[in-house]
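Residue-level listing of the chains:
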Amino acid sequence: DTAVSQTPKYLVTQMGNDKSIKCEQNLGHDTMYWYKQDSKKFLKIMFSYNNKELIINETVPNRFSPKSPDKAHLNLHINSLELGDSAVYFCASSHGDRGGYTFGSGTRLTVV
Amino acid sequence: GENVEQHPSTLSVQEGDSAVIKCTYSDSASNYFPWYKQELGKRPQLIIDIRSNVGEKKDQRIAVTLNKTAKHFSLHITETQPEDSAVYFCAASSANSGYALNFGKGTSLLVTP
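Everything numeric here is computed off the predicted structure, so don't read it as measured data. (Residues numbered from 1 in each chain as written. Chains lettered and ligands numbered in written order. Predicted model: local features only at pLDDT ≥ 70, side-chain atom pairs only at ≥ 80, totals over all residues. Heavy atoms only, no water.)

**So, the sheet that holds strand β3 (residues 19–25) of chain B**
Residue and element names in this part refer to chain B.
Here comes step 1: Strand order across the open sheet formed by five strands is β1-β3-β8-β7-β6, with antiparallel pairing between neighbours. Since the sheet does not close on itself, it has two edges, and those belong to β1 (4–7) and β6 (56–59), each with one partner. Looking at each pair of strands side by side, their axes are set apart by 15 degrees on average, direction ignored.
Here comes step 2: Relative to strand β8 (residues 72–77), strand β7 (residues 62–67) is paired through six bridges, and the arrangement is antiparallel. Across the sheet, Leu 66 pairs through a bridge with Phe 73, a residue of β8. (Pairing = 2+ DSSP bridges. Helix = DSSP H or I, 4+ residues; strand = E, 2+ residues; numbered from the N terminus. Axes fitted to C-alpha atoms, helices over the stretch in contact; angles between N-to-C directions.)

**Side note on the sheet that holds strand β1 (residues 4–7) of chain A**
All names here are of chain A.
Here comes step 1: Across the sheet, which stays open at both edges, the four strands sit in the order β1-β3-β8-β7 with antiparallel pairing between neighbours. Both edges of this open sheet fall to β1 and β7 (64–70), since each of them pairs with a single strand only. Taken pair by pair, the neighbouring strands of this sheet meet at an average axis angle of 15 degrees, ignoring direction.
Here comes step 2: As paired elements, β7 and strand β8 (residues 73–78) share five bridges and run antiparallel to each other. When the bridges of β8 are listed, Lys 67 appears paired with Asn 75.

**Details of the interface of chain A and chain B**
Here comes step 1: Contacts between chain A and chain B engage 21 residues on the former and 17 residues on the latter.
Here comes step 2: For chain A, the biggest contributors to the area lost against chain B are Leu 43, Tyr 101 and Phe 103 of chain A; these three give 32% of the whole.
Here comes step 3: Summed over the shared surface of chain A and chain B, the result is zero salt bridges.
Here comes step 4: One can count six residue pairs in polar contact (both at pLDDT 80 or more) joining chain A with chain B.
Here comes step 5: Of all elements in the fold, only β4 (31–37), β5 (43–50) and β6 (53–57) of chain A reach the threshold of two or more residues within the side of chain A that touches chain B.
Here comes step 6: Counting residues per element, the side of chain A that touches chain B draws most heavily on β4 of chain A, which supplies four residues.
Here comes step 7: For the side of chain A that touches chain B, the residue count by class is eleven nonpolar, seven polar and three charged. (Contact = heavy atoms within 4.5 Å. Buried area = accessible area lost by both parts, 1.4 Å probe. Salt bridge = Lys/Arg side-chain N within 4 Å of Asp/Glu carboxyl O. Polar contact = N/O pair within 3.5 Å; in protein donor to acceptor, adjacent residues only side chain to side chain. Nonpolar A, V, L, I, M, F, W, Y, C, P; charged D, E, K, R; others polar.)

**Looking at the packing of aromatic side chains**
Here comes step 1: The full count for this structure, using the stated rule, is 15 aromatic pairs over all chains.
Here comes step 2: Taken together, a centroid distance of 4.7 Å and an interplanar angle of 45 degrees make the contact between Tyr 25 of chain B and Phe 33 of chain B tilted. With respect to class, Tyr 25 of chain B is no different from Phe 33 of chain B; both count as buried.
Here comes step 3: What links up through ring pairs into an aromatic cluster is the set Tyr 33, Tyr 35, Phe 90, Tyr 101 and Phe 103 of chain A together with Tyr 36, Phe 89 and Phe 103 of chain B.
Here comes step 4: When the ring centre of Phe 42 of chain A is taken as reference, the NZ or CZ atom of Lys 105 of chain B above it lies at 5.0 Å. (Phe/Tyr/Trp six-rings, centres within 6.5 Å; stacked < 30°, edge-to-face > 60°. Buried < 20%, exposed > 50% of the residue type's maximum accessible area, 1.4 Å probe, protein only. Lys NZ or Arg CZ within 6 Å of the ring centre and 35° of its normal.)

Following this line, the structure appears as C-alpha cells:
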C-alpha cells in the first residue's frame, strides 16, 4: 500500500559502473520527479515528467537518463558513475499544480 | 529559474518557545509554497502548504504566512517540543518549473528540553 515506492533503498557501486533506480506510484498522479539530496542536505530537482513526457531537465549530466514507461513509473538510469554522484535520490509524484506531493523513501547511492 | 533563499540555516530554541523560519523566492509566477520536515534518514514530509491566493494558514501549532508583494513566506511553530527537532525546508513551485519544487537550503531546528 506504499504510495511512492523506490528500489533499491541502498546502492553501493564502483566508479564507472551503470546502475538503475526504480520508482512507482499508485496515487494516480500525472507528474513524477527525481530529486537529489547531497551530503549538505540540499534538495535539488533533477527531472520532471508529466504524463510520461519530460518537462524539465535541470542541468543534469547526460549520464543520467530517466525513463517513464507509463504514468505510474519513472526510473533513473545512471551511466559511468562518478564519486560525485554519491547522494540520496528521492522520487516524488504530484497532481501537477494541484499539489499532493508525495516523496518516496529515498535511495542512498554510494560510489566507491 | 526560481531561486529560494532560506534563513536561518540553524536555529536552537528552548522547549515551549516559538520558532520562525523565513524564505524568499524570485519567480513571481510561483504560486505554491509547501514546507517540509525531514528527520535524519527519512523522506521529507509535508507539514503545511499555502497557495498564492491566501495570506495565512494555520494548523494547530504550525502557521505559514505569505507576502506575495515582497515575495517572502514564513513558517511559525509555537510551543515547540523536542520532537519538532529536524531539518525544515521551504519550497516554491509554478507551472514555469513544471510544478517541480525548488527548495531552500534547509533550517536545522534543535529544540532543547
